[in-house]
Amino acid sequence: MRQSHQLPLLGLLLFSLIPRQQCEICEVSKENKTALKPLIHTMINSNYTERIHAANALLSLRLCGSLNQSQDQHLTEQFILTVNSTEPSLTSGQLALAILALGACKAPDGMSINYSELVKRLGNKYKEEIRNMEDHNGNPLTNYYQLSLDILALCLFNGNYSITEVAKFLNPENKNYYFHGQFSVDTGAMAVLALTCVKNKTRRQKQIDKKDIENINNYTESLINKILSQKTENGLLGNIYSTGEAMQALFVSSNYYNKNQWVCEKTRDTVLTEISRGAFRMPTAAAQILPALKGKTYLDVNKDSSCVYSSDSFHPSTQEPIVSVTPAVSPSQIQVNYSVVIDKRKDRIVVSVTDGSVFLNVMEQAQKENPTLFRFKTKETAWGPYIISVQGIKASTNDRTYWELRSNGEHLNQGAGSYVVHAGDDLEVRWSTY
Ligand code: CBY
């Protein structure tokens, strides 16, 4: 064979010897970037009931370079004040998210953030999660999604945690990954990000137990398989709201699965269609999908790397409102069935609400008509109102109990403040154990 023919062959051989790329991404193309604008707009212009609920949005916007410099400075400064004034009452995951948001990148004038103090406090909240598991049958104060966020933030910001403990807790067989026996893709994805950070860091450390590394590798592989086993026909991972973070988990662990197991482009295109259908009107939903579409992951958080700024500016006044204008004709009324289910007992009512109402409006109407049977309490979260009690019966993380929302016999993928009800729906809040 002549030398000129051998060269391409040699190149091919060398190429096939190069280890598979660490990070496989399928970023939205330049032409499709405008499809992401509604997400950014939603995050910047939403009214957050409590500013701490904007943590996810701030993290996402800063990580993706979607803010201009003055917006970044304004939002970040306000957020620092919020974190400092509310820190004692924050859950561990809320504080972890806040640290990730503030440390997503370095602003030019170096706003003074006392990371070491915040990280120390996060370390204490993480310990409380563990203590709760010891005292309450392995149940953390919050959940494994937040425990994983804690480990991720502690890992990225040089906090204290034991690798052996991490390897013990994040075993994929642990019950905290499952709700009603079903694997939680959101939780698994966050755990993969945490495990990957811990593993990358241990590479630079001596005196690491080989067994811990082996466990971390095996657990990552098993979690990735569980995530991939939840892939739907149209490429979603779990459901539309878990897909963004699951994509991040798959980006950082491409050496744990084969190319043919996941077609990233298919997932991305389904998500783009869902954006245009308005599935991401909730700012937290928008925040959790944007990084993946921009080829970013939470592992890219780096308080020492300069922030990238956008030249676009989104002003509340210059953008079209995301909520459609109220029609001139008054909306029609619809009737729905609503019941509270506790074991075999079912308290039922038919209520009339305006068309376009959400699950919460139905509960409010039922409560108005019969407060004894239908009274309830809510708590604001980053995903909107969470039903904490009905008829005075309270959800408990220690007992793994909650009020499950169902419609026409199916478990809902949206909360009470977002699920739009339809005429004739059979709505139900059911006392459940997860
Ligand atoms: N975030 C958290 O701590 C939440 C973690 C999370 C895994 C979360 C989903 C995923 C995410 N990306 O944020 C989660 N839900 C958890 C842990 C829980 C449990 C909360 C109690 C605990 N142990 O901390 C629990 C009880 C199992 C649960 N979620 C219940 C519910 C239902 C709420 C009903 C109510 N009483 O108000 C509900 C509505 C399911 C139902 N049919 O009853 C529910 N969750 C849903 C739908 C969701 C999705 C929200 C999607 C949306 N558009 O509104 C979710 C994204 C999320 C929030 N839950 Co939970 C999962 C999904 O569908 N992909 C960290 C903190 C700092 O923000």
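Note that the coordinates shown come from a computational prediction; the quantities given were computed from them, not determined experimentally. (Residues numbered from 1 in each chain as written. Predicted model: local features only at pLDDT ≥ 70, side-chain atom pairs only at ≥ 80, totals over all residues. Heavy atoms only, no water.)

Caption draft 1: Representation of the site of the ligand in the model. Surveying the vicinity of the ligand reveals 28 residues, the closest of which are Asn143, Gln146, Asn239, Trp403 and Leu405. A distance of 3.1 Å separates an oxygen atom of the ligand from a polar atom in the side chain of tryptophan 383. Within the residue set of the shell around the ligand, elements represented by two or more residues are α5 (92-102), α7 (144-156), α9 (185-202), β6 (384-390) and β8 (401-407). With four residues, β8 is the single largest residue contributor to the shell around the ligand. Residues that form the shell around the ligand fall into these classes: eleven nonpolar, 14 polar and three charged. Of the residues that make up the shell around the ligand, three or more belong to each of domain 1 (9-300) and domain 2 (333-433). (Near = heavy atom within 4 Å. Polar contact = N/O pair within 3.5 Å; in protein donor to acceptor, adjacent residues only side chain to side chain. Helix = DSSP H or I, 4+ residues; strand = E, 2+ residues; numbered from the N terminus. Nonpolar A, V, L, I, M, F, W, Y, C, P; charged D, E, K, R; others polar. Domains from an automatic or database assignment.)

Caption draft 2: Region of the structure containing the sheet that holds strand β7 (residues 393-394). Here three strands make up an open sheet; going across it, the order is β5-β6-β7 and the pairing antiparallel. The open sheet has two edge strands with one neighbour each: β5 (376-381) and β7. Where β6 meets β7, two bridges bridge the pair, whose relative direction is antiparallel. Opposite serine 389, over in β7, you have lysine 394 as the bridge partner. Docked against the sheet, helix α14 (residues 359-369) engages β5 and β6, running at close to 150° with respect to β5. (Pairing = 2+ DSSP bridges. Contact = heavy atoms within 4.5 Å. Axes fitted to C-alpha atoms, helices over the stretch in contact; angles between N-to-C directions.)

Caption draft 3: Highlighting the pairing of strand β4 (residues 345-354). Sheet topology note: the strand β3 (residues 333-342)/β4 ladder contains ten bridges and is antiparallel. Looking across to β4, one finds that asparagine 337 is bridged to valine 350.

Caption draft 4: Structural view of the pattern of salt bridges. Scanning all chains against the criterion turns up 16 salt bridges. A salt bridge links lysine 33 to glutamate 27; the shortest N-O distance between them is 3.9 Å. The exposure class assigned to glutamate 27 is partly exposed, which follows from its relative accessible area of 37%. Its salt-bridge partner being arginine 62, residue aspartate 72 comes within 2.6 Å of it at the nearest N-O pair. On the criterion of sequence distance, the pair formed by aspartate 72 in helix α4 (residues 69-86) and arginine 62 in helix α3 (residues 55-63) is long-range, its members being ten residues apart. Residue classification places aspartate 72 among the buried residues on the basis of a relative accessible area of 2%. What emerges from the salt-bridge pattern is a single network uniting Glu87, Glu117, Lys120, Arg121 and Lys125. (Salt bridge = Lys/Arg side-chain N within 4 Å of Asp/Glu carboxyl O. Buried < 20%, exposed > 50% of the residue type's maximum accessible area, 1.4 Å probe, protein only.)

Caption draft 5: Examining helix α12 (residues 264-276) more closely. Counted at 1.5 Å a residue, the expected span for α12 with its 13 residues is 18 Å, and the 19 Å between its end C-alpha atoms agrees. Cys264, Thr267, Arg268, Thr270, Val271, Leu272, Glu274 and Ile275 are the residues of α12 that are buried. The inward-facing, buried residues of α12 contact α2 (37-45), α11 (243-252) and α13 (283-293). Glycine 278 sits one or two residues past α12 and shows a positive phi near 90°. (Expected span 1.5 Å × (residues − 1).)

Caption draft 6: Spatial organisation of the side chain of histidine 53. Topologically, histidine 53 is positioned in the loop between α2 and α3. Overall, the relative accessible area of 6% leaves histidine 53 in the buried class. Once residues within four sequence positions are removed from consideration, histidine 53 is found in contact with Tyr48, Gln94, Thr284, Glu380, Thr381 and Ala382.

Caption draft 7: Representation of the domain arrangement of the chain within the structure. Per the domain assignment, the segments of the chain are domain 1 (9-300) and domain 2 (333-433). Tallying the contact residues gives 19 residues for domain 1 and 15 residues for domain 2. If you sort the residues of domain 1 by the area they bury against domain 2, His180, Tyr241 and Met282 come out on top, with a joint share of 35%. Run the count over domain 1 and domain 2 and you get zero salt bridges. Class assignment for the residues of the side of domain 1 that touches domain 2 results in six nonpolar, eleven polar and two charged. (Buried area = accessible area lost by both parts, 1.4 Å probe.)

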